[in-house]
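# Fold and contact review
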Amino acid sequence: MEPHDHTRRKSLHVVTSHRCQNDCVFCSDGGAQVRIQRPDPAVVREILERNRHHDVVCFSTHEPTLHSDLVTFVSWARELGYPTVSLITNGRTLGRNDLARRLVEAGLDDLHVSIHGHAAAVHDPITRRAGSFDQALAGLDAALTLRSTHDLRVTVHSTITALNLDALPQMIDFFLERGVDHYGLNGLFLDGLALENYPLLAVSNPRIAEVLSRALAGPPRPVSVSAIPPCQLVGRLPPWAIGLREDFHMAVDGEVGGPIPAEATSVTRRFAFGSPCRTCAMRPQCDGVPEAYIARFGWEEFHPVSAKEAQEERTFVSRERLETLLSPPAKAWEIIQVTLEPARALVRLRSARLCGDLVLLLEPMDPGAAAYRRSARYNLSLQGGDHSADELALAEEVFDRIVARETG
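Residues numbered from 1 in each chain as written. Predicted model: local features only at pLDDT ≥ 70, side-chain atom pairs only at ≥ 80, totals over all residues. Heavy atoms only, no water.

## Some details on the sheet that holds strand β14 (residues 378–382)
- Taken together, five strands build an open sheet; the order of strands is β10-β11-β12-β14-β13 and the sheet is antiparallel. At either end of the open sheet lies a strand with only one pairing partner, and these are β10 (334–341) and β13 (373–374).
- Here five bridges tie strand β12 (residues 358–364) to β14, and the two strands are oriented antiparallel to one another. Bridging across to β14, L362 finds its partner in L380.
- Its contacts with the sheet put helix α12 (residues 319–326) on β10, β11 (344–350), β12 and β14, and the angle it makes with β10 is roughly 145°. (Pairing = 2+ DSSP bridges. Helix = DSSP H or I, 4+ residues; strand = E, 2+ residues; numbered from the N terminus. Contact = heavy atoms within 4.5 Å. Axes fitted to C-alpha atoms, helices over the stretch in contact; angles between N-to-C directions.)

## Overview of the packing of helix α2 (residues 70–79) against helix α3 (residues 99–106)
- Remark: α2 packs on α3, axes separated minimally by 8 Å, with the N-to-C direction vectors making an angle of 20°. With respect to each other, α2 and α3 are oriented roughly parallel. Crossing hand, α2 versus α3: right-handed. Along its contact with α2, which presents L70, V71, V74, S75 and R78, the element α3 presents L99, R102, L103 and A106.
- A per-class count over the contact of α2 with α3 returns six nonpolar, one polar and two charged. (Parallel < 35°, antiparallel > 145°, perpendicular 65-115°, else oblique. Left-handed = near helix turned anticlockwise from the far one by under 90°. Nonpolar A, V, L, I, M, F, W, Y, C, P; charged D, E, K, R; others polar.)

## Examining the confidence of the model for the protein
- Confidence along the protein averages 86 in pLDDT terms, with 88% of residues attaining 70 or more.
- In this model residues 1–8 is a low-confidence stretch, pLDDT under 50, and it forms 21 contacts with partners more than four residues away in sequence or in other chains.
- Note on residues 253–257: pLDDT is under 50 here. Beyond four places in sequence and across chains, it has 14 contacts. (pLDDT = per-residue confidence, 0-100.)

## Quick look at the packing of aromatic side chains
- Enumeration over the complete set of coordinates arrives at ten aromatic pairs.
- Ring geometry for F59 against F73: centres 6.4 Å apart, planes inclined by 25°, an arrangement best described as stacked. Placement of the pair is F59 in strand β2 (residues 56–59) and F73 in helix α2, with a sequence separation of 14 residues.
- Taking relative accessible area as the criterion, F73 reaches 0% and is therefore assigned buried.
- Judged by centre distance (6.1 Å) and plane angle (75°), the ring pair of Y293 and F302 falls under edge-to-face. The same class applies to Y293 as to F302, namely buried.
- In this structure, R283 packs its charged tip against the face of F273, placed 4.1 Å from the ring centre. (Phe/Tyr/Trp six-rings, centres within 6.5 Å; stacked < 30°, edge-to-face > 60°. Buried < 20%, exposed > 50% of the residue type's maximum accessible area, 1.4 Å probe, protein only. Lys NZ or Arg CZ within 6 Å of the ring centre and 35° of its normal.)

## Examining the packing of helix α6 (residues 168–178) against helix α9 (residues 205–215)
- One way to put it is that α6 packs onto α9 with a least axis distance of 9 Å and a crossing angle of 45°. As judged from the angle between their axes, α6 and α9 are oblique. Handedness of the α6/α9 crossing: right-handed. Between α6, through L168, P169 and I172, and α9, the contact on the second element is made entirely by V211, L212 and A215.
- Of the residues that constitute the contact of α6 with α9, the class distribution is six nonpolar, no polar and no charged.

## A few points about the nonpolar core
- In this structure, L48, F59, L140 and L212 are the most contacted members of the largest nonpolar core, which totals 83 residues.
- At six residues, the largest contribution of residues to this core is made by helix α5 (residues 132–144).
- Not counting residues up to four positions away in its chain, the partners in contact with F59 are V14, T16, L48, P64, L70, F73, V74, A77, V85, S86, L87 and I88.
- Formed by 23 residues, the second largest nonpolar core is a distinct cluster that contains F316, L326, L362 and V398. (Core = buried A, V, L, I, M, F, W, Y, C linked by side-chain atoms within 4.5 Å.)

## Brief notes about the pairing of strand β6 (residues 182–186)
- With five of five residues buried, β6 lies mostly within the body of the structure.
- Of the two faces of β6, the one lined by H182, G184 and N186 and the one lined by Y183 and L185 are each fully buried.
- Two strands pair when backbone bridges link them, and strand β5 (residues 153–159) and β6 are joined in this way by five bridges, in the parallel orientation. Looking at the pairing, V156 lines up with Y183 of β6.
- Regarding the hand of the β-α-β motif, the stretch spanning β5, α6 and β6 is right-handed.
- Summarising the sheet, β6 and strand β7 (residues 223–226) pair through four bridges and their orientation is parallel. Paired with N186 across the two strands is S226, which belongs to β7. (Right-handed = clockwise from strand over helix to strand, strands pointing away.)

## Notes on α3
- By the burial criterion, the buried members of α3 are L99, A100, L103, V104 and A106. The arc enclosing the buried residues of α3, seen along the axis, measures out at 160°, which places them on a common side.
- Among the structural elements, α2, β3 (84–89) and α5 are those in contact with the buried residues of α3.
- Downstream of α3 by a residue or two, G107 has a phi angle that is positive, lying close to 135°. (Arc of directions from axis to C-beta.)

Shown next, in the form of structure tokens:
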């Protein structure tokens, strides 16, 4: 069995600024390293024209909104036909001078705001800028109000460190209640300031998984966890929360004063792989482990993921979860077979009340799709046609059981 390919759409990242109002303690682009130069509009235009085969163009790295021509860059990307035009920002300028609206009207349809706490007391010490949380939140709210009139997806991202680990449950609730479309939690990229400040930031992957497993218990929510070796998440977090790996291409990687390449090249982290990685089915989807992490925590926590585990991880519901939902009262039915696929699950049941087996189909909840019944999470249907009264009665009992277990 081949491991699941976690690679997302192919994305082009364009750097438009080497400045940032924040000084995040974990910034992988900060510290004593070469800074890229700020490209002039002609260079950005060339980059956009030469890399149109990408599915997403994202203005990212440092703080893109500090470039005075960003609105123009967004309009160019839309004009050139990129399916998705994206921005990663600290959010501090979005609420000023109607910037959020101007970007969206120029063609921005995918916004990512980096906020690293649910309160100034958590966020501001990480950015090392007083007032940055209030400004970021104002920018986020300015963007959220635009969704009623524009096609805009808003995601908040937080980087997980020892400085905000204990606040993760509150952070998840805070941003989802704020109304974001998605909340992404990211592990550290150990380079730049993150590497320099690692003693202050370090937290083990099992500890992160422990906190998140409790915070993400229950029905699915629009939350994903990325940039952590997948072997540390499979079996510990619900499958729907394990994020996808990005096929990441960077178009700007030049030294100050040097030429800026216009052709994007693939960027991978290329960290270390150890002996547990050799047989891991998730290795093709993993960037490895930073040497600084291994120096601090060692390889003991790492165990290879089997092909079976990798296959189940990619499904929208786990076998264990299904069997829990379908466990019968007083042996009213028996689970004969469970077939898991990425977008559906087939469950075969047997009961003394029936002459044959009953096959149920569960799919992710979609109010626009045909279904016999729906729960908060699933579209529930019966396979086959012309069901007897006994079959329908049993199906209703099973569906009621799923709904009760899901909400209980």
